[in-house]
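# Architecture and fold: a report
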Amino acid sequence: MTLCFLPSLPVFAQGAAVHRAEVALAAADKASIERGRAAYEANCSACHQLNGQGLKGAFPPLAASDYLLKDRKRAISVVLKGLQGPITVNGQKYEGLMPGLPQLDDAVIADIVNYVLNAWGNAGGTVSADDVSALRASDLESKDPAQAETHPGASAAELKYAGTPSQATSEEMIISPDAPALTRNEYEHSREVFFQRCAGCHGVLRKGATGKPLTPDITRAKGTAYLKALIAYGSPAGMPNWGSSGELSDEEVDAMARFLQHEPPSPPEFGMADIKKNWRILVPVERRPKKKMNDIDIENIFSVTLRDSGEVALIDGTTKKIVSIVKTGYAVHISRLSHSGRYIYTIGRDAKIDLIDLWMNPPQKVAESKIGLEARSVETSKYKGYEDLYAIAGAYWPPQYVIMDGATLEPLKIVSTRGMTVDTQEYHPEPRVAAIVASHQHPEFIVNVKETGKILLVNYGDIENLKVTTIDAARFLHDGGWDRTKRYFLTAANKSDRIAVVDSKDQQLEAMIPVDKIPHPGRGANLTDPEHGPVWVTSALGNQKVTYIGTDPVGHPDKAWKVVRVLEGQGGGSLFVKSHPKSNNLWVDTPLNPDPDISQSVAVFDVKHPEKGFEVLPIAKWADLGEGPKRVVQPEYNKQGDEVWFSVWNGKEQTSALVIIDDKTRKLKKVIKSPRLITPTGKFNVYNTVHDVY
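Residues numbered from 1 in each chain as written. Predicted model: local features only at pLDDT ≥ 70, side-chain atom pairs only at ≥ 80, totals over all residues. Heavy atoms only, no water.

### With respect to the packing of aromatic side chains
Summed over all chains, the structure comprises 16 aromatic pairs. When the ring of Phe-302 is compared with that of Trp-645, the centres are 3.8 Å apart and the planes differ by 15°; the resulting orientation is stacked. A residue pair is termed long-range when its members are at least 10 positions apart, and Phe-302 in strand β6 (residues 301-306) and Trp-645 in strand β36 (residues 643-649) qualify at 343 residues. By the burial criterion, Phe-302 is buried, and Trp-645 matches it. Their ring planes at 35° and their centres at 6.5 Å tell us that Tyr-383 and Tyr-386 sit as a pair that is tilted. Through a chain of ring-to-ring contacts, three or more aromatic side chains come together here, namely Tyr-383, Tyr-386, Tyr-390, Phe-445 and Tyr-460. In this structure, Arg-206 packs its charged tip against the face of Phe-194, placed 5.9 Å from the ring centre. (Phe/Tyr/Trp six-rings, centres within 6.5 Å; stacked < 30°, edge-to-face > 60°. Helix = DSSP H or I, 4+ residues; strand = E, 2+ residues; numbered from the N terminus. Buried < 20%, exposed > 50% of the residue type's maximum accessible area, 1.4 Å probe, protein only. Lys NZ or Arg CZ within 6 Å of the ring centre and 35° of its normal.)

Given below as structure tokens:
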């Protein structure tokens, strides 16, 4: 018998040829799928997610998607041309805008489609570059970026021509080559919004850190429609849903998407003359009280950041009453306590430092300063003999740290952190100062330099002849805290997916621990695992994992500095975990998850039985606030360790609250509401902050 399409070959040879052809085709398909993974991650994953699950209510799933798997030709068309308007996927309605990618080669589009048709358990077959080419030709599509429709109904070339602002307009326009135009008002407003909402993760120069880089070469390639969708709906990896939450209007989202395609504005430097110009002693040391002048248990005061009003609320943890509200810098990032527990140091995102005296009646500011244009960290000296002698603050811009007099905030020394990265050994112009902690082992501040990945041990024993030990860790250092012995400092290099461990006694790097994804511990949580002994815990921005790291090299040497347990939390977008030596609970927030069911609740685990999973507490629902994003953020214990406080962070014009939970019963104990509590976020209990209890 002879097969008609291989007439010259014997039957066995014909079968072998067919088999070789099938193997070659399978290998080609496999290679296409593998290439498609990389192309998908670069072009599609921000909306549809790495796991293909999409985003509830915003971006439809691709995993097990009836819409995707039903029609391969339609799948090509959606990638090529985009899609706008209502669709139904797996019974759920979606109505959004997906920008097309016609500028990609036919082969790349085929690779993307092949990947999504076969990833996450899908079994949807394959398409070819010829299939894409045929569809492109039939629709008169083009690979020429000038013909790509970045705006529905108009090509990029048409927009450049017909959309160019008229020179006769009465409003000044900002025009950059290859970037969409903005009015001067849109540009200035977007610059302010970026500083307030975005610069902390993406950087002043937009080179990325916790968040992805947003330099014009990247944003222009993505296009306005893509950027609008991401800004509006966020992602489970920790990008907030600024638009769908109502925190930014449609007009603000649109303007921001265009602003990000322009070159970032270069901010000015900020030297000693600038700092001294902003330094003020409001109450001289000699005129401050010699004893406590109020009857408040100041050890149980909570310093609560009122983000958008530029204030902190001092709340009595016993009576639950607001003691005073103090004007501070914008969006105070942290409140740190003096070693004595008398003074609170706050630092705003605008780099303004305020020193609050808790002995006064009522507590009030006694000094203020400003050490740059943007900042996140402040700390005081803790080593014996140097208690509160110095304060230090680290700036995001300019990248520098400033050593000050602890009692007056007088600036004494500025040190720049610009330099070479630990990995590629390249110069970085914006290595921002992230977390700073005070060593208990030496007269040193431990300073995280974010973009270069260096941990500095700054010895303040002689600041005129400053000695700095530099530890190479990993890039994108952020926050962290002590283990229970206060010898080891564990800190997240979050975009590097590492936890660095510093031995503050021996002044060296103890370990680098791989974790995932984008760890964000706050100070972390110390607890005793029933199987692994003492551990330190971090959650993550990038996924649902809650990671336990062994911290006992003496009693459990085989577990030390290793990931010993990983729990599954509610989802990504977590900022803080918290426990307490007297508690059997581990609390995990998720305020930056774009799913409101997750961002408005918390997960709590049983420390003694972590394998049981978590219980979800509907904190925002208990607050009963009405409309708004109602993000639940940062658990913080009271002095006694029997209550845990949460902020319900709503919009500036909406009602926010503090919710207090009985730690033993996990039941609602109290809701604190007041028109004066405007956008509460971080909370810092005086006793716990002084003694590093977490």
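Anyway, onward from the coordinates.
### Topic: the pattern of salt bridges
With the rule as written, the count across this model stands at 33 salt bridges. Across the pair Glu-299 and Lys-639 runs a salt bridge, and its minimum N-O distance is 2.8 Å. Here the residue Glu-299 occupies a position in the loop between β5 (280-281) and β6, and Lys-639 occupies one in the loop between β35 (631-637) and β36, the gap between them amounting to 340 residues. For Lys-639, a relative accessible area of 24% puts it in the partly exposed group. Through salt bridges with shared partners, one network takes in Arg-280, Lys-352, Asp-354, Lys-365 and Glu-368. (Salt bridge = Lys/Arg side-chain N within 4 Å of Asp/Glu carboxyl O.)

### Observations concerning the confidence of the model for the protein chain
Chain-level statistics for the protein chain give a pLDDT mean of 89 and a share of 91% at 70 or above. Here residues 1-14 is modelled with pLDDT under 50, and outside its nearest four sequence neighbours on either side it reaches 11 contacts, counting other chains as well. The low-confidence segment residues 141-169 (pLDDT under 50) makes 41 contacts with residues lying over four places distant or belonging to another chain. (pLDDT = per-residue confidence, 0-100. Contact = heavy atoms within 4.5 Å.)

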